[in-house]
Amino acid sequence: MFDETLLDDPEALTRADPRGLLRDAAGAGARVRTAARLAAEAGITELRPDGRPRTVLIAGPGTAATATADLLGTLAGGACPVVPLGPTGVAAAAGALRWTLPGWAGPVDLLLIATPDGGEPGLALLAEQAYRRGCTVVAVAPDRTPVTEAVQGAHGLAVPMATAPGELPEEEPVEAYANGTTAASGAFWALLTPLLLLLGRTGLVDADTDAVHDLADRLDTTAERCGPAVAAYSNPAKTLAAELAESLPLVWTEGPGAGPIGRRFTALLAEVAGHPALTAALPEALPAHGALLVSGIADASDPDDFFRDRVDEAEPLRARVVLLRDRPPGGLTAAPAARELALAHNTALSELEPGEGSDLAATAELIATTDFAAVYLALATTPRS
């Protein structure tokens, strides 16, 4: 059940947020600045690469690392393939996960390790394997952990992960996954920022120190618009959370930068808010999700049961389209067709577009807004009895 009144009670929101997810989202800009400083102290901004790598490989656990790899791959475009390395294992615990390099990986490839934990033996073994293959290794992980020690032992570069004051104490990995802390906004920005600067030095992405500080400023501005003290009627994140309650969000993305944002938003809704959602890119989303607009979903009641209790009966889960738009290439857009399809099926539609600015700043605004929306949905939703 969604309690919309909670959204306009900052003190109640704080009490409902023992994981500190709102504080984490509000501090994203500060986390980016700290991460940029740590990256500079580690020497990333002074690197003089000999050339571009053939392939960038990215390994790490959880939603934050997955979203980091996804966004970096999009930002790199066709300049260089960015290949995420997924883990295998019997559980999500740090000790159970394993990663393996592709057979073709060698001296002309770059391995990036991104982990908010740092205790994964599998990542330490991966760094050693990369060293034997001749790959260059760079890691962003908590300082003085097995992963950073293994990377330093492999003659790689280890950047300490930026943390925030008052952050939750270290948890067992299984508990961290269950609590959604691996998906927290701060972890994502702390992992992404040093790697943005690194790939900026190699010329794969357009990101230097000034661009990263502009990104941090846009995160601060978005936090001012979406923070808990801002009333729901003028708060785009609270408005979106209320619109998504009791619905199945269909996140339709358009533009090169919107795809990773939509996939991260969908993952956050599931991991942080326990809310199902689907995502697809326009225009393919129209035939892929068109049938979901036709009728209510997840209506578990038996229509032939005359004696069932209709007073406490849950409403069928209805689809709601979330149109998440970046700047579409060439000015071509399927947004009018998406609106027309939603209107034809009497389906509600929400739209999010960034303001003016650089591609990185626009991306930061959309990510921050959807992060806040997922947190508000989580805090204001209570399980049905």
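The name given to the chain in an unreviewed UniProt entry is Mannose-6-phosphate isomerase, and the organism recorded there is Streptomyces odorifer. You can read under Sequence similarities (unreviewed entry) in the UniProt record for the chain the words "Belongs to the PGI/PMI family."

1. Notes on the overall build of the chain
Counting its secondary structure elements, the chain contains 14 helices and 9 strands. Counting only residues that meet the buried cut, the chain has 51% of its 385 residues in that class. When contacts within the chain are restricted to residue pairs at least 6 apart in sequence, those whose partners lie at least 24 apart make up 78%. Summed over its atoms, the accessible surface of the chain is roughly 17200 Å², and 55% of this surface lies on carbon and sulfur atoms.

2. Digging into the packing of aromatic side chains
Applying the stated criterion to the full structure yields 2 aromatic pairs. Relative to Trp189, the ring of Phe188 has its centre 4.9 Å away and its plane inclined at 70 degrees; by these criteria the two rings are edge-to-face. The same class applies to Phe188 as to Trp189, namely buried. Between Phe372 and Tyr376, the ring centres sit 6.1 Å apart and the planes meet at 25 degrees, which makes this aromatic pair stacked.

3. Describing the side chain of Arg325
Within the element layout of this structure, Arg325 appears in strand S8 (residues 318-325). Among the polar contacts listed, one links the side chain of Arg325 to the side chain of Glu254, at a separation of 3.1 Å. Within polar-contact distance, the side chain of Arg325 engages the side chain of Glu353 at 2.9 Å. Beyond its immediate chain neighbours, meaning those up to four positions away, Arg325 contacts Glu254, Ala258, Thr333, Ala335, Arg339, Glu351, Leu352, Glu353, Pro354 and Leu366.

4. Considerations on the pairing of strand S3 (residues 109-114)
With respect to burial, S3 is a largely interior element, 6 of its 6 residues being buried. Two strands pair when backbone bridges link them, and strand S1 (residues 55-59) and S3 are joined in this way by 5 bridges, in the parallel orientation. Paired with Ala59 across the two strands is Ile113, which belongs to S3. Pairing between S3 and strand S4 (residues 136-141): 5 bridges, direction parallel. Looking at S4, one finds that Leu112 is bridged to Val138. Following the chain from S3 across helix H5 (residues 121-133) to the adjacent parallel S4, one finds a crossover that is right-handed.

5. Considering the sheet that holds strand S5 (residues 157-160)
Here we have 5 strands laid out as an open sheet, ordered S2-S1-S3-S4-S5, and parallel in their pairing. The open sheet has two edge strands, strand S2 (82-85) and S5, and neither has a second partner. The mean inter-strand angle of the sheet, taken between neighbouring strand axes irrespective of direction, is 20 degrees. Against the sheet, helix H6 (residues 146-153) touches S3, S4 and S5, its axis set at about 160 degrees to S4. Set on the sheet, helix H8 (residues 185-202) makes contact with S1, S3, S4 and S5; between it and S3 the angle comes to about 160 degrees.

6. Here we look at the sheet that holds S8
Read across the sheet, 4 strands follow the order S7-S6-S8-S9 without closing on themselves; strand pairing throughout is parallel. What marks the edges here is a single partner per strand, and that holds for strand S7 (278-281) and strand S9 (349-352). Between one strand axis and the next, the sheet turns through 20 degrees on average, direction left out of account. Of the strand pairs in this sheet, S8 and S9 are connected by 4 bridges, and their pairing is parallel. When the sheet's bridge partners are listed, Leu324 is paired in S9 with Leu352. Relative to S8, helix H10 (residues 236-244) is tilted by about 150 degrees, and along the sheet it contacts strand S6 (247-254), S8 and S9. Strands in contact with helix H13 (residues 335-344) are S6, S8 and S9; relative to S8, the strand with the most contacts, it is inclined by about 165 degrees.

Definitions and limits used
Residues numbered from 1 in each chain as written. Predicted model: local features only at pLDDT ≥ 70, side-chain atom pairs only at ≥ 80, totals over all residues. Heavy atoms only, no water. UniProt positions renumbered as here; feature names shortened; annotations may be inferred. Helix = DSSP H or I, 4+ residues; strand = E, 2+ residues; numbered from the N terminus. Buried < 20%, exposed > 50% of the residue type's maximum accessible area, 1.4 Å probe, protein only. Contact = heavy atoms within 4.5 Å. Areas by Shrake-Rupley, 256 points an atom, 1.4 Å probe, with all protein chains shown as cover. Phe/Tyr/Trp six-rings, centres within 6.5 Å; stacked < 30°, edge-to-face > 60°. Polar contact = N/O pair within 3.5 Å; in protein donor to acceptor, adjacent residues only side chain to side chain. Pairing = 2+ DSSP bridges. Right-handed = clockwise from strand over helix to strand, strands pointing away. Axes fitted to C-alpha atoms, helices over the stretch in contact; angles between N-to-C directions.

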